[in-house]
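# Survey of secondary and tertiary structure
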Amino acid sequence: MLKEGAPGWRALCPCCIDFHAHFIHREVFELAQPHSVSSCFGQRPLSADNPRFLGMLDPHRQVDDMAARGIDRHVISSADVVASRAWAEPAEEARQARLVNDMAADWVRRFPDRFVGTFVLPLGDMALALREMERAVAMGLRVANLPSNHRGSYLGEARYGEMWDAIEDQALVAFIHPDGVRDPWFQNHALWNSIGQSIEEVKVMSSLIYEGVMERHPGLRIVMAHGGGYMPYYMGRLDRNATYRPDTMRNLGKLPSHYLRDFHYDSCVYDPHTLALLVRCVGADRLVLGGDYPFGDADPVGGLSALEPAQQAAVAGGNAVRLLDSGGGN
């Protein structure tokens, strides 16, 4: 029964799913500190005992926070911006990926009605990555948590071809969340976080479009963190090049802007006007809720208030239910 005083969208969407919530594996986090953009490559190390991080280490604490925020389920992904493994050589990267994925599977096992687990991949070696994907899927994890690039190699490049084949063949969902801009310039004023992540999202989406991944795999379900960064709002120059630089279209079957609706996006844009514009650009049916727990808004659903109730319902959970059901998510 709908509780008295419940918001209107709840009548249309009984299950609220936040697609952008983080956890960390303590050992992986500590190993990453000298290599992480969030610690200025070890110059300003972070502590896993930071009170803000408690919910990323303890599933009971995270479930309590979800209840306080009115969230029914979290899609949990490793907070790679503070715990990336890309610095490690392939065997060590694969070991750390196993630790992260085992933790995600354990949280889901302990709270199956609260968490949807994602898995990370050791992208430094594609054979190891495919092996780990197989293991993760066998544990019931059916959402791939991917960075924008691995050591400067963006996800549209040919070396990732088998990965995208496997993701599509197994009807998995991909969640792309950058693990930070490594250019030291972005350390000034914490620009790696404020604008850097959005730039990385532009770069990875451009890579996926222009290298033909989206053309070859029209059935892919890719969710972009942070609303896809700046990409949805400045497609005119890309479309212009279809006429003035036709060589840029060699892997494309339609205008670049027409690929925007081939992606999904989370609502984590921190501004109601930007969110409304994102809905205008791609449609409310392509958005899922993005709270960026524990770093983002304390009331992610409240950030949808400018949308119509039916749109709020779709973004708050309806679209995620459809994505995860079609992808076989737990």
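Residues numbered from 1 in each chain as written. Predicted model: local features only at pLDDT ≥ 70, side-chain atom pairs only at ≥ 80, totals over all residues. Heavy atoms only, no water.

### Some points on the overall build of the protein
Worth spelling out the cut-off: Secondary structure elements are taken from DSSP: a helix is a run of H or I of four residues or more, a strand is a run of E of two residues or more, and numbering for both begins at the N terminus. The globule rule used here is 2.2 Å times the number of residues to the 0.38 power, and the radius of gyration it is set against is calculated over C-alpha atoms. Residue burial is assigned from relative accessible area. The probe radius is 1.4 Å, only protein chains are included, and a residue is buried under 20% of its type maximum, exposed over 50%, and partly exposed in between. Only the protein chains shown count as cover for residues, and all accessible areas are computed by the Shrake-Rupley method using a 1.4 Å probe. Only four residue types enter the charge count: Lys and Arg as positive, Asp and Glu as negative, with His and the chain ends excluded. Where a charge sits is defined by one atom per residue type, namely NZ (Lys), CZ (Arg), CG (Asp) or CD (Glu).
When helices and strands are tallied, the protein shows 13 helices and 10 strands. The C-alpha radius of gyration computed for the protein amounts to 19 Å, which stays within 12% of the reference 20 Å derived for 330 residues, consistent with globular compactness. Along the first, second and third principal axes, the C-alpha atoms of the protein reach 60 × 45 × 40 Å. Of all 330 residues assigned to the protein, the portion counted as buried reaches 55%. As displayed, the protein offers around 13,900 Å² of accessible surface, 52% of which is attributable to carbon and sulfur atoms. Separation between the mean location of the 32 positive side-chain charges and that of the 41 negative ones in the protein comes to 1 Å.

### Comments concerning the sheet that holds strand E10 (residues 287-288)
Put simply, the rule reads: Note on pairing: DSSP must find at least two bridges between two strands before they are called paired.
One open sheet holds the five strands; their spatial order is E4-E7-E8-E9-E10, and the pairing between them is parallel. Each end of this open sheet is capped by a strand with a single partner; those strands are strand E4 (143-146) and E10. Here strand E8 (residues 221-224) pairs with strand E9 (residues 264-266) via two bridges, running parallel. Across the sheet, residue valine 223 finds its bridge partner in E9, namely histidine 264.

### A closer look at the packing of aromatic side chains
Our working rule: Paired rings are identified among Phe, Tyr and Trp, the last through its six-membered ring, by centres lying within 6.5 Å, and are further divided according to the angle between planes into stacked (under 30 degrees), edge-to-face (over 60) and tilted (the rest).
The full count for this structure, using the stated rule, is eight aromatic pairs. Ring centres of phenylalanine 23 and tryptophan 107 lie 5.7 Å apart, and the angle between their planes is 45 degrees; on these two criteria the pair is classed as tilted. You can see phenylalanine 23 sitting in strand E1 (residues 17-23) and its partner tryptophan 107 sitting in helix H6 (residues 90-110), a full 84 residues away along the chain. Judged by relative accessible area, which is 2%, tryptophan 107 ranks as buried. Taken together, a centroid distance of 5.3 Å and an interplanar angle of 40 degrees make the contact between tryptophan 107 and phenylalanine 115 tilted. A relative accessible area of 0% places phenylalanine 115 in the buried class. Pairwise contacts between aromatic rings join Phe23, Trp107, Phe111 and Phe115 into one cluster.

### Examining the packing of H6 against helix H7 (residues 126-138)
The condition that has to hold: Whenever a helix is involved, its axis is fitted only over the stretch in contact; in every case the axis is a line through C-alpha atoms, and angles between N-to-C directions fall within 0 to 180 degrees. Roughly parallel refers to an angle under 35 degrees, roughly antiparallel to one over 145, roughly perpendicular to one between 65 and 115, and oblique to any angle outside these ranges. Crossing handedness follows the turn of the near helix against the far one: under a right angle anticlockwise gives a left-handed crossing, and clockwise gives a right-handed one. In this analysis, two residues are considered to be in contact whenever any of their non-hydrogen atoms come within 4.5 Å of each other. Any residue that is not Ala, Val, Leu, Ile, Met, Phe, Trp, Tyr, Cys, Pro, Asp, Glu, Lys or Arg is counted as polar, Gly included; the first ten are nonpolar and the last four charged.
Closest axis-to-axis distance for the H6/H7 pair is 11 Å, and the angle between their directions is 15 degrees. Between H6 and H7, the crossing angle belongs to the class labelled roughly parallel. Considering only the axes of H6 and H7, their crossing is right-handed. Residues Pro90, Ala91, Ala94, Ala97, Arg98, Asn101 and Asp102 of H6 touch H7, and the partners they reach there are Leu128, Glu132, Arg135 and Ala136. Across the contact of H6 with H7, the residue classes break down as six nonpolar, one polar and four charged.

### Details of the pairing of E1
Across the seven residues that make up E1, a large majority, seven, are buried. Looking at chain direction, E1 and strand E2 (residues 73-78) are connected through five bridges and run parallel. The residue bridging histidine 22 from the neighbouring strand is serine 77, located in E2.

### Concerning unusual backbone geometry
The residue after tyrosine 293, namely proline 294, is reached through a cis peptide bond having omega 0 degrees. Looking at the element boundaries, proline 294 is found in the loop between E10 and helix H13 (309-326). At alanine 171, a residue that is not glycine, the phi angle is positive and equals roughly 55 degrees. Mapped onto the elements, alanine 171 comes out in the loop between helix H8 (161-169) and strand E7 (173-176). In the Ramachandran plot, alanine 190 falls in the positive-phi region, its phi being about 55 degrees despite a non-glycine side chain. Among the structural elements, alanine 190 can be located in the loop between E7 and helix H9 (191-210).

### Points about the pairing of E8
Judged by which residues are buried, E8 turns out to be covered on both faces: Arg221 and Val223 on one side and Ile222 and Met224 on the other are all buried. Looking at chain direction, E7 and E8 are connected through four bridges and run parallel. Along E8, the bridge assignment pairs alanine 174 with isoleucine 222.

### Considerations on H8
For the record, the criterion: Working note: the arc is built from the helix axis to C-beta atom directions.
Among the residues of H8, those classed as buried are Met163, Trp164, Ala166 and Ile167. For H8, the arc enclosing every buried residue in end-on projection is 160 degrees, short of the 170-degree limit, so these residues lie on one face. Exposed residues on H8 whose side chains face more than 90 degrees from its buried face are Glu162 and Asp169. On its buried face, H8 sits against H7, E4, E7, H9, helix H10 (213-216) and E8. Alanine 171 sits one or two residues past H8 and shows a positive phi near 55 degrees.

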